[in-house]
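Coordinate analysis (summary)
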Amino acid sequence: MHPALKTVKSITNNTIFGLILILFSKAGHLPIQENKAADVIRRQMKLATVMELLYANNNMINKGIFNTLQTTKNNRCLKSSELKNITFSNKIALLFADDLLRHALTQLADLKNQDIFCLMMSAMADFCQIGFIGRKDKQGFPIPPIPLKDRTDYAVTEWTLLNIHVGSLFAKSCQSTLKIAGHNKEMEENGFEFGKHLALAWQALSDLRLCINKDKEILQNLCAAPIMFHVEHDPSILIELEKGLESVENVDYLKVLEIVAAGPGIGLTKTLVREHSQKAKKILGCFKESNTREALFDIIAAINNFE
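A short tour of the structure in this document, coming up. The structure displayed is predicted, hence computed values, not measured ones.

How each quantity is defined
- Residues numbered from 1 in each chain as written.
- Predicted model: local features only at pLDDT ≥ 70, side-chain atom pairs only at ≥ 80, totals over all residues.
- Heavy atoms only, no water.
- Salt bridge = Lys/Arg side-chain N within 4 Å of Asp/Glu carboxyl O.
- Helix = DSSP H or I, 4+ residues; strand = E, 2+ residues; numbered from the N terminus.
- Contact = heavy atoms within 4.5 Å.
- Buried < 20%, exposed > 50% of the residue type's maximum accessible area, 1.4 Å probe, protein only.
- Core = buried A, V, L, I, M, F, W, Y, C linked by side-chain atoms within 4.5 Å.

What follows is about the pattern of salt bridges. One pass over the full model with this rule turns up 13 salt bridges. Two residues, Arg135 and Glu242, come together in a salt bridge whose shortest N-O distance is 3.1 Å. Taken as a pair, Arg135 in strand β3 (residues 135–136) and Glu242 in the loop between α9 (238–241) and α10 (253–261) lie far apart in primary sequence, 107 residues in all. Residue Lys196 pairs with Glu193 through a salt bridge whose shortest N-O separation is 3.2 Å.

Another point: the environment of Gly191. Summarising the element assignment, Gly191 is placed in helix α7 (residues 185–212). As a C-alpha pair, Gly191 and Phe24 span 167 residues in sequence and 8.7 Å in three-dimensional space. Discounting chain neighbours no more than four positions away, the residues touching Gly191 are Phe24, Ala171, Cys174, Gln175 and Leu178.

Within helix α8 (residues 225–233), seven of the nine residues are buried, which leaves it mostly tucked inside the rest of the structure. Along α8, the residues classified as buried are Ala225, Pro226, Ile227, Met228, Phe229, His230 and Val231. In this fold, the buried residues of α8 make contact with α6 (154–181), α7, α9, α10 and α11 (265–284).

This part is about the nonpolar core. In terms of nonpolar packing, the biggest core is built from 82 residues, with Met120, Phe170 and Phe194 touching the most fellow members. Here this core gets twelve residues from one element, more than from any other, and that element is α7. Not counting residues within four places of it along the chain, the set of residues in contact with Phe170 comprises Phe17, Ile20, Leu21, Met51, Gly195, Leu198 and Ala199.

Printed below as a string of structure tokens:
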């Protein structure tokens, strides 16, 4: 077993992008005067903190907000006391999210770099826009769109569109950390591409694990890569998936995963993981050989060889 594989298996369901960004920052350090090195490291660490705060704010807290306009659950009406508790919980979550955002923006402003500020704000815009893309149930969970006839790029295009917000935040953080280190524009673009492909490889791997393990968490992500590939292969699965337009809880997710397991979706998702991880690995080869670069190679290898 690859030395990094156990670690990746144990933390796939949590974000480790902050750790990877710190490793990437160190791998991309340029020779600089000793009195400036400490400041560069401090600013890069602050950037990693900002990225984690923005990720938590957008991807974890806001996704937990319950739609109080839907007053039924499991075909029963919610009691008035239940709705009050939900409303109160939503308010607390929103206040906490606002405080996280305030702290993130304060840390970001302390970097005193307008380009980096604009990059990270554009990543936040990508997060916000994803809530308005594609079909959703009443709780805001995505439902696969109906593929057009004779369209062969449906699965990869639609899946990437729905997940690029994750890749955007990490990609622009990688680009920003190289900007802090003083790299040229070409290397900054390499940083962006590295972050984008690694994040998409990680997301494809997460989707794969949800489907293989038949995790009920898949109900929050009926647009997981294996399902999207199966929709492209056999759109008749939409008959079951579209039961989720009222609520994803109406979908027989075990039936969906059994159908997907019998089709090409699992194998095509494994190919998707390999393609993105190999692209990230190729870009990483542009950096000088170092222990931190090798550690990043190990992480990529663990993602690529995951079974």
